[in-house]
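Chain by chain, the residues run as shown.
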Amino acid sequence: LWAELERPRSLMFRQSAMKHLLVAFGSRPLTEIDAEAVESHMAARRAAGAAPGTVNRERSILGHTFKKAATWKLTQVNPIAGTSPLEEPEGKPRPITQDEEARLFSVLPTRYHPFTRLAIHTGLRLGELRTQAWKDIDMEQRILTVTRPKSKKLEKLPLNSTARAVLTSLERTGPLLFPSIPISLSDRFVVYASRAGLPDVAFHCLRDTFISRIAPHVSAATLMRLARHRDLR
């Protein structure tokens, strides 16, 4: 309930992470979960194929859980204090070409097309797409105000003709644009991308695509604003 209210953008990942954490630690008293146990779990997750970033996010969620437990007087020790996060390789942008986009859409289920296309033409992150509300869409002014931006600041994006066409095609069934994006969409998307011959493409690459396609046509300042990055790097 706390995560639903206070961390809605990361709720899906928290739920996924907690499944692994509960398997590893759910039956143990808090006093038996120490730094050694956390490091063993991290090693096991890596051996199972989890990416370093995923393992680090799970470690952070475990640490935050213990922090809340301390607030509730359930424990005084946080086991991640004696551990270190795994080294994460610096991610490189991976935009997709027009040809790759066509191949991707040829294998994606039709129900995935609207939010995938909107991501390419707005740069919205998956978490932002999940929480984007109709009340923050101004079709007349052709402006989308990001409902729950990662920066937690006011962010507005122009809607091009493709983005407007996507929005016009959607059926309004509630306050959200996309109320039914699957919880496991990130994993499913990678599978479909591989089927399209794009094994190195993840959903976040759609944001890279948006940024790379507008970069040659706008100033550095405009690029930063539309990409919603804090600096040009």
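### With respect to the overall build of the chain
Part 1 of the argument: Broken down by element type, the chain carries 11 helices and three strands.
Part 2 of the argument: The linear arrangement of helices and strands in the chain, starting from the amino end, is α-α-α-α-α-α-α-β-β-β-α-α-α-α.
Part 3 of the argument: Projected onto its principal axes, the C-alpha positions of the chain cover 60 × 35 × 35 Å.
Part 4 of the argument: Here the chain holds 233 residues, and the buried ones make up 41% of them.
Part 5 of the argument: Here the analysis covers contacts within the chain between residues at least 6 apart in sequence; of these, 61% occur between residues at least 24 apart.
Part 6 of the argument: Taken as a whole, the chain presents about 13800 Å² of accessible surface, with 54% of it coming from carbon and sulfur.
Part 7 of the argument: With 36 positive and 23 negative side-chain charges, the chain shows a separation of 4 Å between the mean positions of the two kinds.

### Notes on the nonpolar core
Part 1 of the argument: The biggest cluster of nonpolar side chains holds 41 residues, and the ones touching the most others in it are Leu118, Leu129 and Phe203.
Part 2 of the argument: Elements represented by at least two residues in this core include exactly helix 5 (98–107), helix 6 (113–122), helix 7 (126–131), helix 8 (161–169), helix 9 (185–195), helix 10 (205–214) and helix 11 (220–227).
Part 3 of the argument: Among the nonpolar cores identified, the runner-up in size contains 13 residues, and Ile33, Ala50, Val55 and Phe66 belong to it.

### Observations regarding the pattern of salt bridges
Charged atoms that come close allow side chains of opposite charge to pair.
Part 1 of the argument: Scanning all chains against the criterion turns up nine salt bridges.
Part 2 of the argument: Residue Lys135 pairs with Asp136 through a salt bridge whose shortest N-O separation is 3.2 Å.
Part 3 of the argument: Between Arg228 and Glu155 there is a salt bridge whose closest N-O contact spans 2.7 Å. Pair noted here: Arg228 is in the segment after helix 11 and Glu155 is in the loop between strand 2 (143–145) and strand 3 (156–158), with a separation of 73 residues, a long-range link. When sorted by exposure, Arg228 lands in the same class as Glu155, which is buried.
Part 4 of the argument: The network of salt bridges with shared partners includes Arg125, Glu128, Glu155 and Arg228.

### Some remarks on the packing of aromatic side chains
Part 1 of the argument: Within this structure, the stated rule accounts for five aromatic pairs.
Part 2 of the argument: Ring centres 5.8 Å apart and planes at 90 degrees place the aromatic pair Tyr112 and Tyr192 in the edge-to-face group. With Tyr112 in the loop between helix 5 and helix 6 and Tyr192 in helix 9, the pair connects residues that are 80 residues apart, well separated along the chain. Of the two residues examined, Tyr112 and Tyr192, each falls in the buried class.
Part 3 of the argument: Considering the side-chain rings of Phe189 and Phe203, the 5.1 Å spacing of their centres and the 75 degrees angle between planes classify their relative orientation as edge-to-face. In this pair, Phe189 sits in helix 9 while Phe203 sits in the loop between helix 9 and helix 10, placing the two residues 14 residues apart along the sequence. In this structure, Phe189 and Phe203 share a single accessibility class: buried.
Part 4 of the argument: A connected cluster of aromatic rings, assembled from ring pairs, spans Tyr112, Phe115, Phe178, Phe189, Tyr192 and Phe203.

Criteria and cut-off values
Residues numbered from 1 in each chain as written. Predicted model: local features only at pLDDT ≥ 70, side-chain atom pairs only at ≥ 80, totals over all residues. Heavy atoms only, no water. Helix = DSSP H or I, 4+ residues; strand = E, 2+ residues; numbered from the N terminus. Buried < 20%, exposed > 50% of the residue type's maximum accessible area, 1.4 Å probe, protein only. Contact = heavy atoms within 4.5 Å. Areas by Shrake-Rupley, 256 points an atom, 1.4 Å probe, with all protein chains shown as cover. Lys, Arg positive; Asp, Glu negative; His and termini not counted. Charge placed at Lys NZ, Arg CZ, Asp CG, Glu CD. Core = buried A, V, L, I, M, F, W, Y, C linked by side-chain atoms within 4.5 Å. Salt bridge = Lys/Arg side-chain N within 4 Å of Asp/Glu carboxyl O. Phe/Tyr/Trp six-rings, centres within 6.5 Å; stacked < 30°, edge-to-face > 60°.

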